[in-house]
Amino acid sequence: MRTRSIVFSIASLSLIASCDHRVFDDLEDQVWVRTDTEPSSSPSAGFGIGLVNAGGSELQYVIASESPPALFLVKVDANGSRSAIVTSEVQDALAAADRFPTPAVMASDAAGFGGDEPNVAVATINSGSPALYMLKGETGEASVIQLAGSEAPSGIAFGDSDASAGVDLFAVSGQELNLVANYQAGGVAADCNLGGSTGDILIADVDAPAGGEVLISVGGEILVTTGTTLATAALATTACFAVTAASATITAPNGEASFGTLLRQGDFDGNGVADLVVGAPAQNAVYVFLNWTVAAPSTGTLISAPSETVNFGSAIAIGDFGGDGRDDLVISDPAVDVGANPSAGSVYIYAGEAAGTFAQPIVLHDATPQDNQVFGQSLTVAEAFGGPRLVVGAKNEVFTYFQTPVPGDSDFRN
């Protein structure tokens, strides 16, 4: 374990020597962080290229590593100690030459098979074809679902999109939409062609009908449709799923070609209505669509990217760190320079406000930044011990923050 300070606005927060996260919850002006590297028993370059919350009764998340490809299910107890780590030997299921893309595309069905048995899906290429590598919780059991398409999946989503009581698994790859209806029953992926290059996919409740709506990034815009419509299109035919079949379309406010690379959902003003987040990192842009619904679509608000950023929105996570009932928005740029350190990477935390606006960001990076550290190449938020815990991936390191700074925090050294 290492304790490291962070940057809060223009100052660094101090640290005290303690390993009880509950102490830090009461001291909002201090932060405690642990850092993990790949286990010596399973060395793998590129540790930290992907992260996903794995749910469960204690803090647990899955870390992806690049070469050789590996997944690590990490559990951390209430004292901040790593209580378990499960390694999944990915090469047992994938062809020897195959790797996870960087950054890794991951999604979790936290409910999984009950208890602490989440299901995690990771995008990959298996024997030259797109596929999902499936990890089953603590058992480390693995399976592979082969998909249609021409490249590794760019987006994965779990959810009951058609109100059938079964969890559906969606993935987009190239121009193809892949659907495994009620995936736990062991179905085969059906697919249809979307007619354009895809980005991310999200299941969100943005309309009145039962079941979540499915948002798909296609050709720089977001298609919004129902899971029932998609199931009918995908299962009945492999023909194109026409744009006209969508319930609504969200277009890039300023024509950003990478609009929809990332899709997320939160509630930043605390009114109980979903807000959508759309990332366009190639254009250094992130938009928030407050209270967006099919019946009353809202206009996107551009989150002002700090002047130093170059790939703002490379990773996005959401959590209510202030405990005020309003989500906070976490955005990274792993390519940003920190001082004299190129591509050291930074994470920006925007606190949600009741008016639907955002406070000035808190800036988070390693207190001893390194060249090409790419801090923030992956992000996840894991709910545990009474609140959200921010987990940040960097080059061959993963940082777990047991207290995340919020506006109003002070620096004892000033």
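Residues numbered from 1 in each chain as written. Predicted model: local features only at pLDDT ≥ 70, side-chain atom pairs only at ≥ 80, totals over all residues. Heavy atoms only, no water.

Asker: Would you take a moment to explain the overall build of the chain for this structure?
Answerer: Scanning the chain from N- to C-terminus turns up two helices and 30 strands. In the chain, which comprises 414 residues, the proportion classed as buried is 57%. Considering only intrachain contacts with a sequence separation of at least 6, the fraction spanning at least 24 residues in the chain is 51%. Within the structure as shown, the chain displays about 15100 Å² of accessible surface, and the carbon and sulfur contribution to it stands at 50%. (Helix = DSSP H or I, 4+ residues; strand = E, 2+ residues; numbered from the N terminus. Buried < 20%, exposed > 50% of the residue type's maximum accessible area, 1.4 Å probe, protein only. Contact = heavy atoms within 4.5 Å. Areas by Shrake-Rupley, 256 points an atom, 1.4 Å probe, with all protein chains shown as cover.)

Asker: Got a minute to help me understand the sheet that holds strand β30 (residues 397-401) in this structure?
Answerer: The four strands are arranged β3-β30-β29-β28 in an open sheet whose pairing can be described as antiparallel. Each having just a single partner strand, β3 (33-36) and β28 (378-384) make up the two edges of the open sheet. Recorded for the sheet is a direction-independent mean angle of 20° between the axes of neighbouring strands. (Pairing = 2+ DSSP bridges. Axes fitted to C-alpha atoms, helices over the stretch in contact; angles between N-to-C directions.)

Asker: Hey, could you run me through the pattern of salt bridges in this one?
Answerer: It is possible for side chains bearing opposite charge to pair when their charged atoms get close. If you walk through the whole model with that rule in mind, you get four salt bridges. The residue aspartate 36 makes a salt bridge to arginine 82 at a minimum N-O spacing of 3.1 Å. Taken together, the residues span a long stretch of sequence, with aspartate 36 in strand β3 and arginine 82 in strand β7 (residues 82-88) at a distance of 46 residues. We classify aspartate 36 as buried; its relative accessible area is 3%. The class for arginine 82 is partly exposed, based on a relative accessible area of 35%. Between aspartate 200 and arginine 264 there is a salt bridge whose closest N-O contact spans 3.1 Å. Remark: arginine 264 occurs in strand β20 (residues 262-266) and aspartate 200 occurs in strand β16 (residues 198-204); sequence separation between them is 64 residues. Classification of aspartate 200 as buried rests on a relative accessible area of 6%. Given a relative accessible area of 26%, arginine 264 falls into the partly exposed group. Connected through shared salt-bridge partners, Arg34, Asp36 and Arg82 make up one network. (Salt bridge = Lys/Arg side-chain N within 4 Å of Asp/Glu carboxyl O.)

Asker: Please explain the sheet that holds strand β10 (residues 129-136) as it appears in this structure.
Answerer: Backbone-to-backbone hydrogen bonds pair the strands of a sheet. The strands run either parallel or antiparallel. Judged by pairing direction, the sheet is antiparallel, and its four strands sit side by side in the order β8-β9-β10-β11 without closing on themselves. Pairing within the sheet leaves two strands with one partner each, and these edge strands are β8 (106-109) and β11 (141-146). Taken over all neighbouring pairs, the strand axes of this sheet differ in orientation by 30° on average, direction set aside. When strand β9 (residues 119-126) meets β10, the two strands line up antiparallel, connected through eight bridges. Paired with alanine 123 across the strands is leucine 132, a residue of β10.

Asker: I tried to follow the nonpolar core on my own but got confused; where do I start?
Answerer: Generally speaking, nonpolar side chains in soluble globular proteins are found buried as a group. In terms of nonpolar packing, the biggest core is built from 19 residues, with Leu215, Leu276 and Trp292 touching the most fellow members. Taken together, the elements giving at least two residues each to this core come down to β16, β18 (221-226), β19 (248-251), β21 (275-280) and β22 (285-289). Not counting residues up to four positions away in its chain, the partners in contact with tryptophan 292 are Val206, Val224, Ala248, Ile250, Ala274, Leu276, Pro297 and Ser298. (Core = buried A, V, L, I, M, F, W, Y, C linked by side-chain atoms within 4.5 Å.)

Asker: Mind showing me how you'd approach the confidence of the model for the chain here?
Answerer: Should pLDDT be low for a region, the predicted coordinates there are not to be read in detail. On average, residues of the chain score 79 in pLDDT, and 77% of them reach the 70 mark or higher. For residues 410-414, every residue scores under 50 in pLDDT, and the model assigns this stretch twelve contacts once sequence neighbours within four places are set aside. (pLDDT = per-residue confidence, 0-100.)

Asker: How should I be thinking about the pairing of β22 in this particular structure?
Answerer: Where a strand is regular, its side chains alternate between the two sheet faces. Burial analysis of β22 places five of its five residues in the buried class, which makes it a mostly covered element. Taking every second residue as pointing to the same face, both faces of β22 are buried, with Ala285, Tyr287 and Phe289 on one and Val286 and Val288 on the other. Sheet analysis places β21 next to β22, joined by five bridges and oriented antiparallel. Its bridge partner being in β22, leucine 276 is matched across the sheet by phenylalanine 289. The antiparallel pairing of β21 with β22 creates a hairpin that spans four residues between the two strands, and asparagine 284 there sits at a positive phi of about 60°. Bridge count for β22 against strand β23 (residues 301-302) is two bridges, and the pairing is antiparallel.

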